[in-house]
Every structure is written in structure tokens, then in C-alpha cells.
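# Per-entry structural report
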Amino acid sequence: MRMLLRGAAALAAVVTVASLTSGAAAHPRAERAAGTVQTSEAAQIPAGVTAGVAVFDRRAGTFTEQANESAQFRSASVVKLLLTLDFLWNRGPDYTIPPADRARLEPMLRGSDDDAADHYWSTYGGSAIINRMTARTSLGLRDTAPPPAGYPGFWGYTAVSARDTVAIYRYILEKAPAPVRDFIMDNLRRSTRCSSTDHFDQHFGIAGSFDRPWAVKQGWSGKYGKGTCGSEAEPAGTQAEPAAAAPRAAADVNLTRPALHTTGTVGADDRTIVAVLTLHPDGTSYGKAYTDIGRLTRSLNVPGGVRPAGTWFGTWGELVSVRKGPTTGDDRITRLPAGVEVLVGCQTRGQVVDVPPYTNEWWAYLPQYGGYMSNIYMSSPDNRLPNVPECGSPRP
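Analysis parameters
Along each chain, residue indices are assigned from 1 in the same order as the chain's sequence is written. Thresholds applied to this predicted model are a pLDDT of at least 70 for local features of residues and 80 or more for the giving and counting of side-chain atom pairs; totals over whole chains, interfaces and linings are not thresholded and use all residues. With hydrogens and water set aside, each side-chain value is computed from the structure's full complement of heavy atoms. To qualify as a helix, a DSSP run of H or I must reach at least 4 residues; to qualify as a strand, a run of E must reach at least 2; elements of each kind are numbered from the N terminus. Summary of the burial criterion: residues with accessible area below 20% of their type's maximum are buried, those above 50% are exposed, and those between are partly exposed, where the area comes from a 1.4 Å probe applied to protein chains only. When checking whether two residues touch, look at their non-hydrogen atoms; a contact exists if any pair is within 4.5 Å. Surface accessibility follows the Shrake-Rupley procedure with a 1.4 Å probe radius. Residue values consider only the protein chains on display as shielding. Criterion for a disulfide: a pair of cysteine sulfur atoms at a distance within 2.5 Å. Angles shown run from 0 to 180 degrees and are taken between the N-to-C directions of axes, each axis being a line fitted to C-alpha atoms and, for helices, limited to the stretch in contact. The sense of a crossing depends on the near helix, which, turned anticlockwise from the far helix by less than a right angle, makes the crossing left-handed and, turned clockwise, makes it right-handed. Three classes are used, and their members are as follows: Ala, Val, Leu, Ile, Met, Phe, Trp, Tyr, Cys and Pro are nonpolar, Asp, Glu, Lys and Arg are charged, and the others, Gly among them, are polar. A carboxyl oxygen of Asp or Glu within 4 Å of a side-chain nitrogen of Lys or Arg is what we treat as a salt bridge.

### Quick word on the overall build of the protein
Helix and strand counts for the protein stand at eight helices and 14 strands. Burial statistics for the protein: of 396 residues in total, 56% are counted as buried. If you take every contact in the protein between residues at least 6 apart in sequence, the share linking residues at least 24 apart comes to 70%. Here the protein has roughly 14600 Å² of accessible surface; of this, 50% comes from carbon and sulfur atoms.

### Details of the state of the cysteines
Taken as a whole and assessed by the stated rule, the structure comprises two disulfides. Across the disulfide, Cys 194 is cross-linked to Cys 229 (sulfur-sulfur distance 2.0 Å). Residues Cys 194 and Cys 229 are joined by a disulfide whose S-S torsion is about -70 degrees; by sign, that bridge is left-handed. Pair noted here: Cys 194 is in the loop between helix H6 (178-189) and helix H7 (206-209) and Cys 229 is in the loop between strand S5 (214-221) and strand S6 (259-266), with a separation of 35 residues, a long-range link. Between the sulfur atoms of Cys 346 and its disulfide mate Cys 391 the distance is 2.1 Å. Across the disulfide from Cys 346 to Cys 391, rotation about the S-S bond amounts to roughly 90 degrees, and the bridge is consequently right-handed. One end of the pair, Cys 346, is in strand S12 (residues 346-355); the other, Cys 391, is in the segment after strand S14 (371-374), with 45 residues separating them in the sequence.

### Comments concerning the packing of helix H1 (residues 80-88) against helix H5 (residues 162-174)
The contact between H1 and H5 brings their axes to 11 Å, and the two run at 35 degrees. Like other packed secondary-structure pairs, H1 and H5 cross with a definite hand, here left-handed. Here Leu 81, Leu 82 and Leu 85 of H1 come into contact with H5, specifically with Ile 168, Tyr 169, Tyr 171 and Ile 172. Residue classes in the contact of H1 with H5 are distributed as seven nonpolar, no polar and no charged.

### A look at the pattern of salt bridges
Throughout the structure, instances matching the rule amount to 19 salt bridges. With its nearest N and O atoms 3.0 Å apart, the salt bridge here joins Arg 271 to Asp 57. In this pair, Arg 271 is assigned in the loop between S6 and strand S7 (272-279) and Asp 57 in strand S1 (residues 50-57), connecting sequence segments 214 residues apart. Using a relative accessible area of 4% as the deciding quantity, one classes Asp 57 as buried. In this structure, Glu 361 engages Arg 349 in a salt bridge whose closest nitrogen and oxygen atoms are separated by 3.2 Å. Here Glu 361, found in strand S13 (residues 358-366), pairs with Arg 349, found in strand S12; they are twelve residues apart in sequence, far enough to count as distant.

Put into C-alpha cells, the structure is as follows:
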């Protein structure tokens, strides 16, 4: 999440296979993954997931998807859009941003930096920020509300809905002064794969479902394990949210179930606004939530969105490394969230990897990471992945 005190993502492996909605096979490699999920005009919400969905085609001026669009969710880091807008509101004709604030706002928007959010929340009035923003008729917010009583410092407990999230983006793109629009959207287009303060892989949902151009502001909250994104990130045994901060249930906004949100724009000229807000069953790992929100997002009708080439496969194992080349001696790019689904572009022979009783010389190229992982960790019964070409060969 990332309320004032953080909250973030990844836990033990739950083996996920692209063609399944949940669960594990008798053995991690017992079943193969299906191909890329097909586009649908109706949101396909995975079993056990509560979702609010709104997709708005700005060119046509209409929603292409709506599901529970007015339902309130705790915002997690999506509220950072409102923190930024509040700070930039009426800053003068040129909207000059002081260097110290630029140094906070840029990582807050790109890498979801929590320290920056703490600063703006505490400096500019906390819940008063949300009250100011909901009072602005130009934003047109209907479901947004401050954190519940008893949680005044938890900015991530701000209530938002999918339709209000679309309204925020429409204001930024269509009504905000050009310097405000350009500053926010340029930073969202530069979203970093790894979050800057807690090392979570934040390129799920929109960022994993469509080729660029896209711009995203993601959010996560709950009892996920420690983030492992990046070449230097090391997992820790502590939880992202300390037990002492465990929230009570609120009347209208669930503050306890693991949350994962993907919001932003897709396509040339920010054609389509996408807001997918999700809650997952207690105990869900980050990799499972990451996979489920990816499947849901890929099922949506998103005009202007281009699907990346490749085939989706589930993975098994914890802290599986993605490396620059097909050998364990090559530099590690990142570690995958346990059990996450990945897009495979091609495969090649490389170093033999042994994970008894399995041995495999094939490596999968993951275009969205720009690196390789051993096929031994793919949820597929064969060493060589079916229907995936060798690197350098045309797709079958």
C-alpha cells in the first residue's frame, strides 16, 4: 500500500498457470500455460478477486468497460496523483516547481516514493488535502473521501473509485494547465519497474498488458512479503506493514484485504484511460495478485492498446532471477515475485540448470524485462516451451 507508513508486496510462491484461475498443480511443472489471454468486451475478474473497473475512450468520449465503477477502495499510492495536483494548484502563471519539490515529486510519481508522500501529506494538511480536492468541481469527484477516523496519517487509506480515478486523469489531460499536465504525465510515462523505497515490481496490469506508449500510477497495500525487485534488492523476513499497525475494518472501505491497483493511460495521445482497483483474498502472495490483475487487465477492451508479442506462462519457485544472458554467471537484472506469470518472447539453449530432480538447458527470453530466466522454473511439462520459437527464428 503505501499509506503513510508503507505497505507493499510479494510473499510465498503460489504456482499460477496462465490457463487457470487459481491453485497449483500436483507439481509445479505438471501443467503448461496457455497462450496470451484474448481481448474481451467484458471484464474477466478472477475468482476470489473484488474489482472496480472503468475504461474510458477519450476519442469516442465513452466508457468501454465498467464494473463496480463506483465502489470505494483504499487508494494506496494512487492518492499520490491528488497529492501532486494539490501541491501544483494555483502555483502561478508558469507553475514553477522549486528544485527541492521536483526532487520529491518526480520519484513519487515515477517510483512511488513513500517518503515524498509522507512529506506532502504532513506539510499540507493531511485529510484537508482530500477535502480540498473533492470540493473542486472541475475534478468532479463523487466517491473520494479522506481516511477514516482513527487513521489521520494513513494517506493510503483515502477512498477512491474506478470512475473517480478516470475523472482525475480526465482533469489532468483535458482541464489542467499545460505545465501541470505535462509534468504529471511525463513522469508517469517514466514509471520505473522497481518502486524506489520498497523494491516492489510495479509494472503489473497496464504496464504488462500493453506496449508503450502508456503512463501509469500503481498502488499496492497489504500483508505482502518484502519486495525483491532490482539487482541489489534482498528479501527480508519482516512484513511491509508491522502488526501494530494492523487496521480495523471500516464501514465502507476495506482496509485489510491485500490491494493491488493499476491506473493510467494507454495508446497514442493518451487515448484510453484505464482504472483497475482490486482486493485479493487474505494471504494472497504478491505474485498471485500481480498475475490476477494482469489477467483482468488483459481481458479489457482498451481502444488504442497494442498487446505485446509473446506467450504467457506461469512460474514456480521463489526469488527466481532474470539475468542479462542465458547463464547463472550473467548479471542479475531482478528477481521475480514468487509464482508470477511472465511473457515469453523466445527461448534459447544456455547453461544447464539443475533443480533436482529436474535438469534443463533451455532459457526463456522475457522481453518486458530484457533478460533471461531458466525454463526449469516455467510451469510447463517439457524442457522446451511449446509454441515458443527459438530466439532468432520466426514465431510458429
